[in-house]
Amino acid sequence: MQYRRFGKLKWQASALGFGAMRLPLIGNDAAKIDELQAIQMIRYAVDHGVNYVDTAYVYHRGNSEVVVGKALQDGYRDKVKLATKLPVWQVQSQTDMDKILNEQLSRLQTDHIDFYLLHSLNQDLWDKLKSLNAIDWLENKVDEGKIDHFGFSFHDEYPVFKKIVDDYDNWTFCQIQYNYVDDDFQAGIKGLEYAYSKGI
C-alpha cells in the first residue's frame, strides 16, 4: 500500500480508502447489507494496509454505519481513521446535530469520529449551516473529544466550492466528486488544486 501525507496533518493516509456507500446486499433492498461479506471486505482491506474508512448517516438507509461499527470491533478501530457525515439537509438546529452525532457514535460503537464531514454541501445548505452556527458546534465537538477533525463533502459548482473553502480558515479536509475522465465536473480539478493550495 502507498501512503500520502493528509493535508496539514502528520498522519499518512493510505492511497486507497474503503468507502461504505455501496456494500454487498442480500437481495435488492439497499437497507439489507450482507453483513458477513461486508465485514470480511472491510477487514481484508484493513489487513492489507487501508487505514481510512468512510461512511455516512444515510448510506444503506442508516445501516452502513452499523455494519462499519461491527467491522471495526476486535481491534480494527485502532487501525483506521474513521470518517462519517452529518446529513445537513435533515438538521434544523444544533440540537438536531447533537442527536445525530450521538446516534452515529452509538451505531459505530466508538467514542469519537476521526474525520467528520458536513455532507453534500451546496450553496443553499452552506447558507443554512452558517445561520445555525454549525462551525461553532463543530469546534465545540472537537473540544469535547467527540470529533478529531472536520471538513465537508461537496456537490455544486466550482465558485461555490471556492467560497466554502474561503469562508473558514481551518478546514482539515474536503471530499469532492472527482473522475479522471470528467475532471471539470462540479469542483473538478480546479477545486482539487485550490484545496491543495490551502493545505486541505
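A quick note: this is a predicted structure, and the numbers were derived from the prediction, not measured.

A. Seen up close, the packing of helix α1 (residues 35-47) against helix α2 (residues 63-71). As a packed pair, α1 and α2 sit with axes 9 Å apart at the nearest point and diverge in direction by 60 degrees. The pairing of α1 with α2 is recorded here as oblique in orientation. Seen along the crossing, α1 lies across α2 with a hand that is right-handed. Side by side, α1 and α2 meet where Glu-35, Ala-38, Ile-39, Ile-42 and Arg-43 of the first sit next to Val-67, Val-68, Lys-70 and Ala-71 of the second. Residue classes in the contact of α1 with α2 are distributed as 6 nonpolar, no polar and 3 charged.

B. How the structure looks around the pattern of salt bridges. Counted by the stated rule, this structure contains 14 salt bridges. In this structure, the salt-bridge partner of Arg-77 is Asp-114, at a minimum N-O distance of 2.9 Å. Here Asp-114 lies in strand β6 (residues 113-121) and Arg-77 lies in the loop between α2 and β5 (81-86), a separation of 37 residues in the sequence. Overall, Asp-114 belongs to the buried group, its relative accessible area being 4%.

C. Structural context of the nonpolar core. If you look at the biggest cluster of nonpolar residues, it comprises 54 residues, and the most contacted ones within it are Leu-86, Tyr-116, Leu-118, Leu-121, Phe-152 and Trp-171. By size, the runner-up hydrophobic cluster in this structure holds 9 residues, among which are Leu-9, Ala-13, Phe-115 and Leu-117.

D. Geometry of the pairing of β5. Taking burial as the measure, the 6 residues of β5 include 5 buried ones, the bulk of the element. The pairing of strand β4 (residues 52-54) with β5 spans 3 bridges and is classified as parallel. Within β5, the residue paired with Tyr-52 across the bridge is Lys-81. Following the chain from β4 across α2 to the adjacent parallel β5, one finds a crossover that is right-handed. Examined bridge by bridge, β5 and β6 share 4 bridges and lie parallel to one another. Directly across from Ala-83, in β6, lies its bridge partner Phe-115.

Calculation criteria
Residues numbered from 1 in each chain as written. Predicted model: local features only at pLDDT ≥ 70, side-chain atom pairs only at ≥ 80, totals over all residues. Heavy atoms only, no water. Axes fitted to C-alpha atoms, helices over the stretch in contact; angles between N-to-C directions. Helix = DSSP H or I, 4+ residues; strand = E, 2+ residues; numbered from the N terminus. Parallel < 35°, antiparallel > 145°, perpendicular 65-115°, else oblique. Left-handed = near helix turned anticlockwise from the far one by under 90°. Contact = heavy atoms within 4.5 Å. Nonpolar A, V, L, I, M, F, W, Y, C, P; charged D, E, K, R; others polar. Salt bridge = Lys/Arg side-chain N within 4 Å of Asp/Glu carboxyl O. Buried < 20%, exposed > 50% of the residue type's maximum accessible area, 1.4 Å probe, protein only. Core = buried A, V, L, I, M, F, W, Y, C linked by side-chain atoms within 4.5 Å. Pairing = 2+ DSSP bridges. Right-handed = clockwise from strand over helix to strand, strands pointing away.

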